[in-house]
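# Results of the structural survey
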Amino acid sequence: MRKSLLVFLHVSSLFTLVLIGWAVALAVQKPSIGAYWGYPSGIVYAIDAGHPSSQVFRVGDRILRIEEISRADWYKLPGTTPGQNLSIQVERDGQTHELDVQIAQSNIKAILGRIPPFLVALGFWIAGSYVLAFSRARQQAILFFLLCQIAVVTLTSGAISAYGPEWTKIGLHCGLLWLGVAAVQLHLVFPKRIDLLKKRQIGSALVLVTALISSIYLIEKISGIALVPVSFMWAATITVFAIDIVVVIWMLAQSYRKSYNVIERNQVGIITLSSLIGILPVVTMILIPQLILGHPWVSFDLAFLALLAIPLGYGFAIYRYKLIGVKETINRGLAIVLVLLLLTGFYSLFFSISSRFISASITESPAWGLVTTVILAGSAVKLYGSLTRFVNQILYGGWYDFRTVVEQTRHSLTTTEHNQESIGASLAQVIGQSMRLETVSLILSDRIRFTYEHGLTLRTEILPDDQICNLADVEALFTNGPSDFQPWDSEYATAYPLAILKNGVHPTHLVPLKGKDGHMLGVLFLGEKRDGEPLSEADFEILKVVIHQAQVTLENVKLLEEAQKHLEKISRLHRQVLRGREEERKRLARDLHDLVIQSLAGLNYQMAEIRTHLNGAQTENLVKAQTEVRELIGVLRQICNDLRPPTLDVLDFFEAIQSKISEVEENADFKVRALIEGNENQEMGEDVKLCIYRLVQESLINVHKHAHADHVEVWVKVTSEQVSVMVTDNGKGFTVPDRLELLVPDRHYGLIGIKEMIEAVNGCLSISSSPGQGCILSAQVPI
């Protein structure tokens, strides 16, 4: 930085300091008439209790005229001296009154009430000068210094513009315009450089508009010619300033969203927090009541003290770069400050609206005060929790404690699906979010890696064989170690390259996840905390409990997956047994039909041929033998039908079911009402078809044998996902045991066979019955 530029900046700093001192002297010497009123409404909102004319005014009076002094010079009182009396016309309770008021020197209380704007200006001056002198970020420091100097001119000129020289109005008006421009220029490079395609055009456009409005205002003041209406000029100034502030807010949001490190996010956070603390009182206690009531709820000077938070916040963020050592006490204190500010602002708004639209007899009653107190007390409880989380997020990326983290982990692990992939993803994410870590990486023994990075979507990937992290090597690090948390060492980068994230970000600790027998379930890589501070002993205690929960859950999931594999194996073997049994039945039915039945039929023909050559008693015996052979053939054919229903090979599925129902109904003493619906052309495996056929067959046989029913309903529905079957009878019913296997001692094998058959195709069976109430058997079989 060139020396001449430094000299110029420091000289301008001395000039603004002199300006503050001169303005304070002017404020101390300003005389008073004993009342404070809103501009331009003229409504008296406060009385100077120590003034000789304090008993003349009342709060709520509207000043109409002060002798022949123009309204713009009421605060200046030109041509008057202390001790002089003035005739002031006011409107009170709808009537006009003439008041005789004495001009007097301001007392110490009134003088102190004018000092806060200068204290705020001094705060901006100190913050700007301090950052310029000690910060290494020169471009940011210069822009911030210029912003502070413009703020000093604006605040100082505005504080005395009502009774100071005419040029102070120019300082207020133009200062407000250029303050917005300076804020935009600063936030283009702080806390993060904003890369916009049209950044230069946007900045130039704001500068040109600001210069144009400033030039018009200067020409008007110097020449005394009104080029545009005063109301339009102020509206244009406020509009441009508002646009500048919106642009600043947008750039802060962009900086926070695109920040990849703790420092930048902390800078945006502290700027946002300090701006809220500084602006909230001014908006809620000054601007809103001014618009509604015509005068502020509290003194301008008192509310402006809150603006000190803005230079302090910006200066801290620029000079310190990041928050260091900010403790929970400060966090809670800031939350309480925000609660008080919001409640005060709410009360200001509530009081302003109620005073304007509700009768004074109601608003001044004890009941109204009680209602207001209850509302404020209830709001304070709700606000404190929300604002504490907000402050935590701004300052630290969020606050956490033992109970919160453990509860979040427990809830996450118990509500997610019970498989290693879901548990691993949930664990990496909940540790990263609840512990406010930048990164968390988890590698499980089955080659699945989960990577959590703050602000990004959780990544899940299957590691190739040549990149598998050797868990045995990780386990060796903890064999003789005193702690379960191994600090990261640069030597690990070669051994465990998968722990290194993009941009060279590496973890701070390695943590093993072990099962009950000590075998490795995986390894956890913990990154830095978002607030930049190292993991504390309290953090390690929290992590020990969390990791223990994770280890137990992963172990249980592993056991569950092994049990499911065994069940699937058993189910597969069961299906193979059933399929083999059906194949054997089919072969046996074919052999009986092709060999035994055909042989018996041939024998019957031979016996008929022999009978033609016999007479008398021999013929009668032979006929009897033929009848027995034909009966035997019928029995064997029925056995073949039961072993392998021919209808499944000849008819479609729906017709085969209907055929079996009709066949059973012919030989039973009950009527069957059948309803078969759904997609007739739905493709399904032979196992499923045979299972449903057997289910209907065995259910109807059971009803015939045991239920003594006279009416049975069969409902079959086929969808693209499953086949549903329900068989209902009005028989005698029975008590359904907890497990159907308990029916074995009573030799009731039918329901057990149905259950095994349904489970073999991954279906489910339910039976509802009670003595005298019939029975409902329902099943769902996936296609």
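Conventions used here
Residues numbered from 1 in each chain as written. Predicted model: local features only at pLDDT ≥ 70, side-chain atom pairs only at ≥ 80, totals over all residues. Heavy atoms only, no water. Helix = DSSP H or I, 4+ residues; strand = E, 2+ residues; numbered from the N terminus. Buried < 20%, exposed > 50% of the residue type's maximum accessible area, 1.4 Å probe, protein only. Contact = heavy atoms within 4.5 Å. Areas by Shrake-Rupley, 256 points an atom, 1.4 Å probe, with all protein chains shown as cover. Salt bridge = Lys/Arg side-chain N within 4 Å of Asp/Glu carboxyl O. Pairing = 2+ DSSP bridges. pLDDT = per-residue confidence, 0-100. Axes fitted to C-alpha atoms, helices over the stretch in contact; angles between N-to-C directions. Parallel < 35°, antiparallel > 145°, perpendicular 65-115°, else oblique. Left-handed = near helix turned anticlockwise from the far one by under 90°. Nonpolar A, V, L, I, M, F, W, Y, C, P; charged D, E, K, R; others polar.

## What to know about the overall build of the protein
In terms of helices and strands, the protein carries 23 helices and 18 strands. Each of the 783 residues in the protein was classed as buried or not, and the buried ones make up 43%. Long-range contacts, defined here as pairs at least 24 residues apart, represent 66% of the contacts in the protein between residues at least 6 apart. Summed over its atoms, the accessible surface of the protein is roughly 41100 Å², and 60% of this surface lies on carbon and sulfur atoms.

## Quick notes on the side chain of E555
In this structure, E555 sits in helix α18 (residues 537–611). Residues within four places of E555 in sequence aside, it is in contact with G515, K516, H519 and L521.

## Observations concerning the pattern of salt bridges
Here the structure, examined in full by the defined rule, presents 11 salt bridges. When the shortest N-O distance is used, the salt bridge between R65 and E98 registers 3.2 Å. Taken as a pair, R65 in strand β4 (residues 62–66) and E98 in strand β6 (residues 95–102) lie far apart in primary sequence, 33 residues in all. Judged by its relative accessible area of 27%, R65 falls in the partly exposed class. Looking at E98, the relative accessible area reads 46%, which means it is partly exposed. The partner of E453 in a salt bridge is R459, with the nearest N and O atoms 2.7 Å apart. On the basis of relative accessible area, E453 is assigned to the buried category, the value being 11%. Connected via shared salt-bridge partners are E166, K169 and K221.

## Topic: the pairing of strand β15 (residues 711–718)
Going residue by residue along β15, you find V712, V714, V716 and V718 tucked away on one face and H711, E713, W715 and K717 left uncovered on the opposite face. Pairing of β15 with strand β16 (residues 722–729) involves 7 bridges; the strand directions are antiparallel. In the strand pairing of β16, W715 is matched with M726. Where β15 folds back onto β16 in an antiparallel hairpin, the turn is made up of 3 residues.

## Focus on the confidence of the model for the protein
Mean pLDDT over the protein works out to 78, with 77% of the residues at or above the 70 mark. Between the elements of the protein, mean pLDDT differs from a low of 56, seen in helix α16 (residues 471–477), to a high of 95, seen in β16. pLDDT under 50 marks residues 321–331. Its contacts with residues more than four places away, or in other chains, come to 24 contacts.

## Observations regarding the sheet that holds strand β12 (residues 509–514)
Strand order in the open sheet formed by 6 strands is β10-β9-β8-β13-β12-β11, with antiparallel pairing between adjacent strands. Edge positions in the open sheet fall to β10 (459–462) and β11 (486–487), since each of these has one partner strand only. In terms of strand pairing, β12 meets strand β13 (residues 520–526) through 6 bridges, oriented antiparallel. If you follow L510 over to β13, its bridge partner there is F525.

## Remarks on the pairing of strand β17 (residues 764–769)
Two strands pair when backbone bridges link them, and β17 and strand β18 (residues 775–782) are joined in this way by 6 bridges, in the antiparallel orientation. Opposite S768, over in β18, you have I776 as the bridge partner.

## Some points on the packing of helix α21 (residues 653–667) against helix α22 (residues 686–707)
The N-to-C vectors of α21 and α22 enclose an angle of 15 degrees; their axes lie 10 Å apart at closest approach. By the angle between their directions, the pair α21 and α22 is classed as roughly parallel. The interaxial crossing formed by α21 with α22 has right-handed handedness. Of the residues in α22, those touching α21 at F653, A656, I657, K660, I661, V664 and N667 are K689, I692, Y693, V696, Q697, L700 and H704. Residue composition of the contact of α21 with α22, grouped by class: 9 nonpolar, 3 polar and 2 charged.

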